[in-house]
Amino acid sequence: MHKKKMAIASIALAAATVLVLGACSTGATNASGAGISTNNPQTIILITHDSFALSKGILEKFTKDTGITVEVQAAGDAGAVVNKLILTKDSPLGDVVFGIDNTFASRAVDEGILENYTSPALVGAEDKFLLPAGAGREQLTPVTSGDVCVNVDHQWFTKAGIPEPVTLDDLLKPAYKNLFVTPSPNSSSPGLAFLLATIAAKGEAVNGVGGWQQYWSDLTANGVKLTAGWNDAYYVDFSGPSSKGDRPLVLSYASSPPYEVPAGGTVAPTGVMLDTCFGSTEYAGVIAGTKHADAAHKLIDFLLSLPVQNDIPESMYVFPVNPDATLPETWAKFAEVAPKPYVVDPAEINKNRERWLSEWAAIAIP
Amino acid sequence: MAPSDESTTKSARTTPSARIRRSPGTIIAMVLGVGVPSAFLAVFFLLPVLGMLSRGFIVQDGIDFGGFVEIFSRPRILRLVGLTIGQAALAALICTVVGLPIAHVLYRLNFRGRALLRMLVVVPFVLPTVVVGVAFRTLLSVSGPLGALHLDGTFTAIMLALVFFNVAVVVRTVGNTWEGLDVKQEDAARVLGASPARVWATVTFPRLLPSVLAAASVVFLFCATAFGVVLVLGGVQFGTIETEIYLLTTQFLDLRAASVLSITQLVIVVGVLLLANRVGRAGSVAKAGTTIAERRVAAAQSRRKPRRADAPAMAVTLVTVALLALPILTLIERSLRTTVGGAASTAARPATGLAAASTASTASPGIDIGGINYSFANYLNLAGTGQRNALVVPVWTALGNSLTIAVQATAIALIIGVLASLVISRRPRNRFARRALDIFDGALMLPLGISAVTVGFGFLITLNQPPLDLRSSPVLIPIAQALVALPLVVRTILPVLRGVDSRMRESASVLGAPPWRVLRDVDLSIAARPVLAAAGLAFAVALGEFGATTFLSRLDHPTLPVVIYRLIGVPGGENFGMALAASVVLAAVTVAAMAVVERLRVGSVGAF
């Protein structure tokens, strides 16, 4: 009885080997079949970051209108997306990329992974999001905009009877010692955005004195807490309603407060320190070497159209760039936009990123 | 294969393997056993890794190794290398010291609730690191239940988490060997007057040593490449080679430095494997497994009621299980809290009276305990796509994807692992063949020690041309998971096969059994139980795998850990609640899978 079982088992083992190997090779044919060379009806591949999302039916509408099917492939965070595209320049991963932000735009442009395309769907109002001419304006089309700002727990400060901090300098005051938590710039993109905000605000140290370096050593002395990721800072350390941490100041997004308003609530329990914001814009572009340039152009135009732009706040937690887009009710009521967020020239970011981060590490995590 | 073997075989039976080796069927089997796993590793591991390394070292005018000097002169890198080794070694040591008594209690003693405890120990192993990180930090943060210990962001916290994740590896690997040990030797020693400590040190431990070393080296490799845990729990002060490679590759695109670190990782891994192998070889004089009948008798005999002498081991087990359960219970407790909109757990804080009132008025009917409303709301939400459509597919769909992929990964890992183990367990007389097998053995462990980032990026730049244009093929996900599970499979099966007395194969051959029957009736029947155990572990690893999967997963076809990561990465109390509920579901599915494996194991004892 058991011998029979064992015989069957050994045969099964051999058969399974063949099957699995077979499955691998079938997978290969399928994959190349779904690749770049299919024609009519067209399929194009959109390479994007992990946070990409659109409501059901939106990309389907694009397919219905144009006959083009979009296959979405997430490739990590913005940095990973750009680096993957650079590494695979000789055999492109897809046709369109979305999610390159202003901190990585310069590298993407310099490495030549993008083709020139200026969408006719762009309107004058979006000018403020455009990259400088000759440094990305020709290749990258702005799609979303989201400020990264220090969020403040209103209820905590009301209860403690302390006035809320307003500026970056306030964060250095003894009254706010041990109250601020931020994700670290070397492991989190919002964390990097905050470092860039301080660099934009304070400039470089002169002869080793002042500048953002001095700001960070003061901030460290005032008990700033660093976490690895945004979720950790927001959900564990922040005292806001979604968590039960003990720090009422957290580095997050300008769009976070609407999500803390309870259903039917009229007052936002948290808010944004508008003087601490770094302006972050996400771009789309045509990947160099695509065989579907026309379809790629249509997809980029579509990303700027109202169906997508209206959906962006609810799906990706950032603001649309199209001024005609309608914001959700809670956003219109509770989300604030910084009038003058800090910005750093993308080319400067690309040139200095590694130096800034290592100098930062030496100051904040000696 | 040398001509001299023939005469030896004919004249004397001192070389049992000689006869087996000569049969053409056996040669085919050997070729298959070496060839299939080698080809698998070559294509899906070596090729991508070498592809990445060449990007780092090959410059316009040749190969440039100058990076080593420059990169090792950075103090930060030296500190990270030291930290990586120290952290992994300490964690492996703690897991072994804690795991041994637990293996004794869970695999040698007979008491109610044993099966449940066995499963509980494995749960941490499959929880996604992100979730465990949050569970640990919730426990340890200043305002948490264990806040008074001030462990948040310390090295101790990282150590606790590494042990939490990996103690199961020691318990299961050693437990499976221990269960089949013949107790007669211990009894004899005891009758002859040896103290329990002496029996342990001279009779039991030497026979366990190969599996102990196997488990410890796997734990070391897991910890040396730990990524998420170190990041989340250590804050940013602590890092490992792995976190640095991630940073260098995905953020700075400094492939030269990343390649130097990958090579460093490789050297450390190979060094540890060689060391474990050498010590293990020296210690494995005493044979473990015997015939199936004997093993079954041994397993039956070894299971006895706990005695007073077992009290310390029982105590260690209870304390450890309690510590393992603590983060899991925290997770369950938080997953049951009712969240309405973004106002999660507001009721817990009297300061927010307004929000608390609105929570209570709109909450689905639940129970209030200590001012907190509990309900299954988060679990009901799993059928949807989250607050404001955080997800592309409902969580249950992701669970389906996870199960399918994990089954495929388990199948691949088992086929490759069993074939490889059968071959490696042979000890050919030829010195070169033996050396070759050792290298083969080590190569199978390498995927554990190499950064998922390097392999993931390597896939992109090497598997991009027909016939291997697999970059965006879904088949890569189970393959990547199988790569991670493979070393566990081999380490679970191999010690048992190595323990097979070669005289058994010899007698079978002498009695006229053809080689395939020797393989079937001796090796495979002895290995059947460890194979099932390995299947359980492989399935669990595949189910919880995140690092490699996240590189390959499709947005519209995500696995459960990927979905959990996504949910925890977006604001909104409902999404956070769903992430916790989904983690509990993941843990529950794992426990259920392990329960099925345990069932099968019991059944298989009866079938023999």
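Residues numbered from 1 in each chain as written. Chains lettered and ligands numbered in written order. Predicted model: local features only at pLDDT ≥ 70, side-chain atom pairs only at ≥ 80, totals over all residues. Heavy atoms only, no water.

A. Quick peek at the overall build of chain A. Scanning chain A from N- to C-terminus turns up 12 helices and 11 strands. Relative to its full complement of 366 residues, chain A shows a buried share of 57%. In chain A, once contacts between residues fewer than 6 apart in sequence are set aside, the share between residues at least 24 apart is 74%. With the model as given, the accessible surface of chain A reaches about 13900 Å², and the carbon-plus-sulfur share is 57%. (Helix = DSSP H or I, 4+ residues; strand = E, 2+ residues; numbered from the N terminus. Buried < 20%, exposed > 50% of the residue type's maximum accessible area, 1.4 Å probe, protein only. Contact = heavy atoms within 4.5 Å. Areas by Shrake-Rupley, 256 points an atom, 1.4 Å probe, with all protein chains shown as cover.)

B. Representation of helix H12 (residues 241-252) of chain B. Residues and elements named next belong to chain B. Most of H12 is tucked away: 11 of the 12 residues are buried. The complete set of buried residues in H12 reads Ile241, Glu242, Thr243, Glu244, Ile245, Leu247, Leu248, Thr249, Thr250, Gln251 and Phe252. Phi turns positive, to about 55°, at Leu253, one or two residues after H12.

C. Expanded view of the confidence of the model for chain A. When pLDDT is averaged along chain A, the result is 85, and 89% of the positions lie at 70 or above. A low-confidence stretch, residues 16-39 of chain A stays under pLDDT 50, and its non-local contacts, those more than four residues away or across chains, total 27 contacts. (pLDDT = per-residue confidence, 0-100.)

D. Broad picture of the confidence of the model for chain B. Residues and elements named next belong to chain B. Summarising the model, chain B shows a mean pLDDT of 78, and 83% of its residues fall at 70 or more. Overall, residues 1-21 carries pLDDT values under 50, and its contacts beyond four positions in sequence, including any with other chains, amount to 24 contacts. With pLDDT under 50 throughout, residues 284-291 is counted as low confidence; its partners more than four residues away or in other chains account for 16 contacts. The complex model carries a pTM of 0.76, and its ipTM stands at 0.72.

E. Structural context of the packing of helix H21 (residues 476-498) of chain B against helix H23 (residues 515-544) of chain B. Residue and element names in this part refer to chain B. Interaxial distance between H21 and H23 falls to 8 Å at its minimum, and their mutual angle equals 150°. By the angle class used here, H21 and H23 are roughly antiparallel. Relative to H23, H21 is oriented so that their crossing is right-handed. In contact with Gln481, Val484, Ala485, Leu488, Val489, Thr492, Ile493, Val496 and Leu497 of H21, H23 contributes Asp523, Ile526, Ala527, Pro530, Val531, Ala533, Ala534, Leu537, Ala538, Val541 and Ala542. Partitioning the contact of H21 with H23 into residue classes produces 17 nonpolar, two polar and one charged. (Axes fitted to C-alpha atoms, helices over the stretch in contact; angles between N-to-C directions. Parallel < 35°, antiparallel > 145°, perpendicular 65-115°, else oblique. Left-handed = near helix turned anticlockwise from the far one by under 90°. Nonpolar A, V, L, I, M, F, W, Y, C, P; charged D, E, K, R; others polar.)

F. Quick look at the pairing of strand S1 (residues 43-48) of chain A. Residues and elements named next belong to chain A. S1 sits mainly inside the fold: six of its six residues count as buried. Across six bridges, S1 lies against strand S2 (residues 69-74) in parallel orientation. Paired with Thr48 across the two strands is Ala74, which belongs to S2. You can see the chain leave S1, run along helix H2 (residues 58-66) and come back into S2, and the turn it takes is right-handed. Taken together, the three bridges between S1 and strand S3 (residues 96-101) define a ladder with parallel strand orientation. For Ile47, the partnering residue across the bridge sits in S3 and is Val97. (Pairing = 2+ DSSP bridges. Right-handed = clockwise from strand over helix to strand, strands pointing away.)

G. Seen up close, the environment of Asn102 of chain A. Residues and elements named next belong to chain A. On the secondary structure map, Asn102 appears in the loop between S3 and helix H4 (105-110). Taking the C-alpha atoms as reference, Asn102 lies 20 Å from Thr182; in sequence the two are 80 residues apart. In terms of polar contacts, Asn102 uses its side chain to reach the backbone carbonyl oxygen of Gly279, at 3.0 Å. (Polar contact = N/O pair within 3.5 Å; in protein donor to acceptor, adjacent residues only side chain to side chain.)

H. Here's a closer look at the state of the cysteines. A complete count under the given rule lists one disulfide over all chains for this structure. The disulfide bridge from Cys149 of chain A ends at Cys277 of chain A, spanning 2.0 Å between sulfur atoms. Disulfide Cys149 of chain A-Cys277 of chain A: the torsion about the S-S bond is 110°, which places it as right-handed. Placement of Cys149 of chain A in strand S5 (residues 141-153) and of Cys277 of chain A in the loop between strand S9 (270-272) and strand S10 (278-287) is noted, with a sequence separation of 128 residues between them. On the accessibility criterion, Cys149 of chain A (0% relative accessible area) is buried. A relative accessible area of 1% means that Cys277 of chain A is categorised as buried. With no disulfide of its own, Cys95 of chain B lies 6.0 Å from the sulfur of Cys223 of chain B, the closest cysteine sulfur. We classify Cys95 of chain B as buried; its relative accessible area is 0%. Residue Cys223 of chain B is classed as buried on the basis of its relative accessible area, which comes to 0%. (Disulfide = S-S within 2.5 Å.)

I. Region of the structure containing the domain arrangement of chain B. Residue and element names in this part refer to chain B. Partitioning chain B into structural domains gives domain 1 (54-127 + 155-325) and domain 2 (376-608). Its C-alpha centre places domain 1 at a distance of 18 Å from the equivalent point of domain 2. Domain 1 puts 42 residues into the contact, and the matching count from domain 2 is 45 residues. Summed over the shared surface of domain 1 and domain 2, the result is zero salt bridges. At the boundary of domain 1 and domain 2, one finds four residue pairs in polar contact (both at pLDDT 80 or more). Contributing elements (two or more residues each) for the side of domain 1 that touches domain 2: helix H6 (114-126), helix H8 (155-179), helix H10 (196-224), H12, helix H13 (255-283) and helix H14 (292-302). Along the lines of polarity and charge, the residues of the side of domain 1 that touches domain 2 split into 20 nonpolar, 13 polar and nine charged. (Domains from an automatic or database assignment. Salt bridge = Lys/Arg side-chain N within 4 Å of Asp/Glu carboxyl O.)

J. Here's a closer look at the nonpolar core. Residues and elements named next belong to chain A. Among the nonpolar cores identified, the biggest contains 247 residues, and Leu171 and Trp216 are the most heavily contacted of them. Among all residues touching Leu171, those that are not within four sequence positions of it are Val150, Phe180, Phe194, Tyr215, Leu219, Asn222, Leu249 and Met273. By size, the runner-up hydrophobic cluster in this structure holds 26 residues, among which are Ile58, Ala284, Ala295 and Leu299. (Core = buried A, V, L, I, M, F, W, Y, C linked by side-chain atoms within 4.5 Å.)

K. Quick peek at the domain arrangement of chain A. Residues and elements named next belong to chain A. Assigned domains within chain A: domain 1 (3-145 + 280-333) and domain 2 (147-279 + 337-364). At the junction of the two partners, domain 1 supplies 17 residues and domain 2 supplies 16 residues. In total, domain 1 and domain 2 occlude about 1400 Å² of area from one another, counting both sides; carbon and sulfur atoms represent 57% of this. Looking at the side of domain 1 facing domain 2, the largest losses of area belong to Thr103, Ser280 and Phe319, adding up to 33% of the total buried there. (Buried area = accessible area lost by both parts, 1.4 Å probe.)

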